[in-house]
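So the chains spell out like this:
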Amino acid sequence: MAVFNRVESPRLVEDAIYSEVIQAGDGWLRVLKPGQVLRIVDLEGNQAADTLLYDAENPEDHYSAVATIAGQSNIYLSTGSVLRAESGKELLKIVADTCGRHDTIGGSCSAQSNSVRYSHDKLSMHNCRDTFMLQLAQHDGAYTKRDLAPNINFFMNVPVTKDGGLKFDDGVSAPGCYVEVQSLGSSMVLISNCPQLNNPCNAYNPTPIQVLIWEK
Ligand SMILES: [Zn+2]
């Protein structure tokens, strides 16, 4: 079982057709054409890039953590992981990864999880669920909260303990670590660069990430 499958990319930054920095707390949404490769760079290390995927041809068919985990018989994501939709359709594949392990069990932060996990006065804090919803609403008003599925947390370290518990641990990523996903069809990628201030995953300090895109 490949848990830390670190593979560097052959792609050169100067060949990318798109590059943008997403500040901590900001969101990003884009449709990738078949074959396009998206790189997400953890610029300062230990940031969590909460990510949702949709089949752009049929947006109701969204990313499924369950189908992805079952399809690869592995709870962690790394190079070679095929990211599947609810229907089982293969949406994207991780083709390079210098971090080596990403979570898809921990979910994204929300007003509710912040208040349950930390304290009630965190209820009003900025959270990934709100960023996801804002991005979706700006893209197409037809999206609702029902379109928010369990997500991927790129660069986030959520080890599963021997007795089946989840630990939100100090990160395994480092400044400059990146992950690359290739779109197998036409896929919509939605990212919330997590604003979380209460979690050791990002050392209580959310930082920017960079996204780059290459043609096939
Ligand atoms: Zn978050």
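Here is what the cut-offs are and how they apply
- Residues numbered from 1 in each chain as written.
- Predicted model: local features only at pLDDT ≥ 70, side-chain atom pairs only at ≥ 80, totals over all residues.
- Heavy atoms only, no water.
- Salt bridge = Lys/Arg side-chain N within 4 Å of Asp/Glu carboxyl O.
- Helix = DSSP H or I, 4+ residues; strand = E, 2+ residues; numbered from the N terminus.
- Buried < 20%, exposed > 50% of the residue type's maximum accessible area, 1.4 Å probe, protein only.
- 1 Å grid on protein atoms, 1.4 Å probe; cavity = no way out; pocket = protein on both sides within 12 Å on 5 of 7 lines; lining within 4 Å.
- Points joined across faces, edges and corners; volume = space filled by probe spheres on them.
- Contact = heavy atoms within 4.5 Å.
- Expected span 1.5 Å × (residues − 1).
- Core = buried A, V, L, I, M, F, W, Y, C linked by side-chain atoms within 4.5 Å.
- Pairing = 2+ DSSP bridges.
- Axes fitted to C-alpha atoms, helices over the stretch in contact; angles between N-to-C directions.
- Donors = N, O, S within 2.8 Å, 3.2 Å for Na, K, Ca; no water.

Some details on the pattern of salt bridges
Throughout the structure, instances matching the rule amount to four salt bridges. A salt bridge links arginine 11 to glutamate 180, with the shortest nitrogen-to-oxygen separation between them at 2.8 Å. A residue pair is termed long-range when its members are at least 10 positions apart, and arginine 11 in the segment before strand 1 (18–22) and glutamate 180 in strand 8 (residues 177–183) qualify at 169 residues. Glutamate 180 gets classed as buried once you look at its relative accessible area, which sits at 0%. Glutamate 180 is the partner of arginine 39 in a salt bridge, and the nearest nitrogen-oxygen pair spans 2.8 Å. Placement of arginine 39 in strand 3 (residues 37–42) and of glutamate 180 in strand 8 is noted, with a sequence separation of 141 residues between them. The class for arginine 39 is buried, based on a relative accessible area of 7%. Taken together, the shared-partner salt bridges in this structure form one network comprising Arg11, Arg39 and Glu180.

Brief notes about the layout of surface pockets
Estimated volume of the largest pocket: approximately 190 Å³. The wall of the largest pocket is formed by Val31, Ala56, Pro59, Glu60, His62, His139, Asp140, Ala142, Tyr143, Arg146, Asp147 and Met188.

Description of the environment of leucine 38
Tracing the sequence through the fold places leucine 38 in strand 3. Here the alpha-carbon distance between leucine 38 and serine 187, two residues 149 residues apart in the chain, equals 11 Å. Leucine 38 has contacts with Trp28, Leu32, Val179, Glu180, Val181, Val189, Val211, Leu212 and Ile213, leaving out every residue within four places of it along the chain.

Thoughts on helix 3 (residues 128–139)
Taking 1.5 Å of rise per residue, the twelve residues of helix 3 would be expected to cover 16 Å, and the 17 Å separating its terminal C-alpha atoms lies within 8% of that figure. The set of residues buried in helix 3 consists of Cys128, Thr131, Phe132, Met133, Gln135 and Leu136. In this structure, the buried side of helix 3 is in contact with strand 2 (27–32), strand 4 (49–55) and strand 9 (187–193).

Focus on the nonpolar core
Grouped together as the largest cluster of nonpolar side chains are 28 residues, with contacts concentrated most on Trp28, Leu38, Ile40, Leu83 and Phe154. Those residues within four positions of isoleucine 40 in sequence are excluded, and the remaining contacts are Ala49, Thr51, Phe154, Phe155, Cys177, Tyr178, Val179, Ile191, Ile209, Gln210 and Val211. With eleven residues, the next largest nonpolar core counts Leu52, Tyr54, Leu136 and Leu148 among its residues.

Looking at the sheet that holds strand 6 (residues 90–97)
Taken in spatial order, the six strands make up an open sheet running 1-10-3-8-6-5, and their pairing is antiparallel. Where the open sheet ends on each side, the last strands, each with one partner, are strand 1 and strand 5 (82–84). Taken pair by pair, the neighbouring strands of this sheet meet at an average axis angle of 25°, ignoring direction. Taken together, the three bridges between strand 5 and strand 6 define a ladder with antiparallel strand orientation. Within the sheet, the bridge partner assigned to leucine 83 lies in strand 6 and is leucine 92.

Quick word on the coordination of the zinc ion
In an ideal tetrahedron of four donors about a metal, each angle is 109.5 degrees. In an ideal octahedron of six donors, the angles are 90 or 180 degrees. Distances from the zinc ion to its protein donors, Cys109 (SG), Cys128 (SG) and Cys194 (SG), fall at 2.2 to 2.3 Å. Site description for the zinc ion: donor spacing in sequence, C-x18-C-x65-C. Remark: cysteine 128 occurs in helix 3 and cysteine 109 occurs in the loop between strand 6 and helix 2 (111–117); sequence separation between them is 19 residues. Look at cysteine 128 and you get buried, because its relative accessible area is 0%.

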